[in-house]
Amino acid sequence: MDWLEAQNVSHEVHNVTTADGYQLQLQRLPRLGAKPVLLVHGLLGSSLGWVCMGPERSLAFQLHHREYDVWLANLRGVSPYGRQHIDLTDVMVEFWRFSFHEHGAYDLPAIIDHMAKVTGGEQLASRGGPGQDEEQIHHQVVLIGHSQAFNAFLVLCAVHPRFNQRIQLIQALAPLARLHRQVRFDSFQVRRLMKFIKKRQKAYKFEIFPPGYFRKVCQAKRDLCEYYAKQLVGSAQNNKKLLEAFNYEYLLQGGSPREIKHLQQIWKSGDFISYDFGTAENLQVYHSVEALSYNISQITVPIILYFGETDAIATPEGVHAIYARMLRSVKSVRRINSKKFNHLDFLISGDVKSLVNDKLIEHMEQFFDGRLPYVIE
């Protein structure tokens with residue numbers, strides 16, 4: 001990763017191919033034999049989100065300093081790490097036919113299985129060959145995700161129940177699974193966004209926001225940019241820095257039309273459903289007229305949820321609605337301790353270390369020791 005190269009950080013690059021042919025690149029800050037943690041970016045994100053605040057304040061580095069084996073995921077569609085496929089190229093419409101369903105059903109299983117294979121192999125080698133059943137060697141993995149990553153985690157555990165045993169803990173920052181009547185923007189703004197996406201599709205532009213798109217637009221139309229950022233992302237902890245996330249070439253980019261459409265369907269239906277193709281195609285894909293509801297009541301992985309007070313999309317109400325649906329799994333719901341804190345502050349707030357990362361590491365370690373207090377904020 002160029003950023004890690006530039007910072008002269010020792011890291012590994014791993015290539016993973018999914019069952020449906022996407023070729024993804026992961027980065028790893030290795031610690032042999034340590035507990036593996038997988039960081040998964042959200043909507044329009046990439047692994048850059050976990051390192052862009054530099055060695056002192058970025059979650060990836062903090063975890064590595066605390067002796068964790070840190071893996072950074074890049075899901076399909078991310079530029080440049082998720083743009084390869086064995087048969088397709090990213091200028092073909094077929095390449096962009098995915099939403100968080102594919103992230104959870106294909107990308108995450110391939111990534112987590114690859115991690116287990118690599119770390120299991122390393123441990124066998126350090127023990128001088130197979131002495132134990134290899135399955136026992138595979139650590140459970142800890143998942144930390146921002147935004148839409150939580151939706152992919154739920155799909156992973158619902159579609160592939162074996163991962164309920166493989167994941168020790170999920171920490172979800174600003175999760176997006178419940179959007180119905182919970183977001184702070186209205187149908188007018190959603191309609192405008194859908195119109196914009198349709199226009200791009202008609203022009204055969206299947207990637208919604210190419211790298212650098214936001215930077216260009218925000219430099220040219222700052223007021224408009226500020227308006228939409230406030231509406232869709234929420235008031236920032238420091239509004240002078242509201243547009244900071246848009247200055248990076250690769251921090252916010254990519255996105256497929258289906259990804260946004262799937263979130264719109266959840267927003268509209270009020271249920272956590274698989275992608276609704278319409279009656280005819282639903283019959284082909286799901287053997288049912290309607291899209292399927294994911295069976296999230298079967299998910300047994302312990303979960304900690306975090307929300308920001310002024311997040312317009314993962315609102316406090318929306319995050320509490322996830323808790324209400326998943327009482328068995330959710331072990332804690334935490335409010336970030338700041339009057340203002342929006343969807344992107346989780347990655348780029350100047351105080352991200354003290355407000356988010358330190359807390360997240362503290363709760364994780366309390367959980368490992370069996371002393372995480374049951375707190376619902």
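Just so you know, these numbers come straight off a predicted model, no measurement behind them. The numbering scheme is per chain: residues are counted from 1 as the chain's sequence reads. pLDDT decides what is reported in this predicted model: residues at 70 or higher carry local features, side-chain atom pairs at 80 or more are listed and counted, and totals for whole chains, interfaces and linings draw on all residues regardless. Side-chain numbers come from the whole structure's heavy atoms, not from hydrogens or water.

What follows deals with helix α4 (residues 100–126). Every α-helical turn comprises 3.6 residues, leaving residues that sit three or four positions apart pointing alike. Compared with the 39 Å implied by 1.5 Å per residue over 27 residues, the 37 Å span of α4 between its first and last C-alpha is a close match. Along its length, α4 shows its largest kink, about 35°, at D107, and proline P109 lies within four residues downstream of that point. Within α4, 19 of the 27 residues are buried, leaving the element largely enclosed by the surrounding structure. By definition, any uninterrupted DSSP run of H or I lasting at least four residues is a helix, any uninterrupted run of E lasting at least two residues is a strand, and each is numbered from the N terminus. G128 occupies a position one or two residues after α4 and carries a positive phi of about 75°. An expected span of 1.5 Å times one less than the residue number is assigned to each helix. We define the bend at each residue as the angle formed by axes fitted to the 7 residues ending at it and the 7 residues starting at it. Accessibility here uses a 1.4 Å probe with only protein chains present; expressed as a share of the type maximum, an area under 20% marks a residue as buried, one over 50% as exposed, and anything in between as partly exposed.

The disulfide criterion used throughout: a pair of cysteine sulfur atoms within 2.5 Å. For the coordinates displayed, the defined rule picks out 1 disulfide. Between the sulfur of C218 and that of C225 lies a disulfide, 1.8 Å long from S to S. Across this residue pair, the class does not change: C218 and C225 are buried. Just so you know, C52 is unpaired, no disulfide at all, and the nearest cysteine sulfur is the one on C218, 16 Å from it.

A few words on the UniProt feature "active site" (unreviewed entry) in the protein chain. Within the UniProt annotation, "active site" (unreviewed entry) is assigned to S147, D311 and H343. On the basis of their most widely separated C-alpha atoms, the annotated residues across 197 residues gather in one place, lying no more than 10.7 Å apart. Filtering the just-named annotated residues for those lining the largest pocket gives S147 and H343. Tracing the backbone shows D311 in the loop between β8 (303–307) and α13 (316–325). Of the residues examined, D311 reaches a relative accessible area of 0% and is grouped as buried. UniProt positions are given in the numbering used here, feature names are shortened, and annotations may be inferred rather than shown by experiment. Grid spacing is 1 Å over the protein atoms alone, the probe is 1.4 Å, and a cavity is where that probe fits but cannot get out, while a pocket is an open set with protein on both sides within 12 Å along at least five of seven lines and lining residues have an atom within 4 Å of a point.

Grid points are joined across faces, edges and corners, and a volume is the space filled by probe spheres set on the points. For the largest pocket, the calculated volume is near 1,300 Å³. Looking at the largest pocket, it is lined by 48 residues, and the ones nearest its centre are L193, F209, F214, Y228 and L232. Elements that contribute at least two residues to the lining of the largest pocket include exactly α8 (187–202), α9 (213–220), α10 (222–232) and α11 (257–269). At 9 residues, the largest contribution of residues to the lining of the largest pocket is made by α8. In this classification, Asp, Glu, Lys and Arg are treated as charged, Ala, Val, Leu, Ile, Met, Phe, Trp, Tyr, Cys and Pro as nonpolar, and every other residue, Gly included, as polar. Taken together, the residues that form the lining of the largest pocket break down as 32 nonpolar, 10 polar and 6 charged. Around the second largest pocket, the lining is made up of 18 residues, and of these Q201, P257, R258, K261 and Y275 lie nearest the centre. Per-element accounting of the lining of the second largest pocket gives the leading share, 6 residues, to α8. Residues belonging to the lining of the second largest pocket are distributed by class as follows: 8 nonpolar, 2 polar and 8 charged.

We now examine empty space enclosed by the protein. Taken as a whole and judged by the stated rule, the model has 4 cavities of 30 Å³ or more. Within this model, the largest cavity holds a volume of roughly 110 Å³. Taken together, 18 residues form the lining of the largest cavity, with H41, G42, L44, H103 and E259 sitting closest to its centre. Of the residues in the lining of the largest cavity, the class split is 7 nonpolar, 9 polar and 2 charged.

Looking now at the nonpolar core. We call a set of buried residues a nonpolar core when its members are Ala, Val, Leu, Ile, Met, Phe, Trp, Tyr or Cys and they connect through side-chain atoms within 4.5 Å of each other. Counting 116 residues, the largest nonpolar core has L38, L39, L63, I144, F150 and L305 as the members making the most contacts within it. The contact criterion used throughout is that any non-hydrogen atoms of two residues lie within 4.5 Å. Contact partners of L63, with chain neighbours within four places excluded, come to V37, L39, Y68, V70, I144, I361 and M364.

Remark: α8 packs on α11, axes separated minimally by 11 Å, with the N-to-C direction vectors making an angle of 155°. Judged by the inter-axis angle, α8 sits roughly antiparallel to α11. Taken as a pair, α8 and α11 cross one another with a handedness that is left-handed. Residues S187, V190, L193, M194, I197 and Q201 of α8 form the contact with α11, whose participating residues are P257, I260, K261, Q264 and W267. Residue composition of the contact of α8 with α11, by class: 7 nonpolar, 3 polar and 1 charged. Axis angles are defined between N-to-C directions and span 0 to 180 degrees, where every axis is a line fitted to C-alpha atoms and, for a helix, only to the segment in contact. If an angle is under 35 degrees, it is roughly parallel; if it is over 145, roughly antiparallel; if it lies from 65 to 115, roughly perpendicular; otherwise it is oblique. Crossing handedness: left-handed means the near helix sits turned counterclockwise from the far one by under a right angle, and right-handed means the same turn made clockwise.

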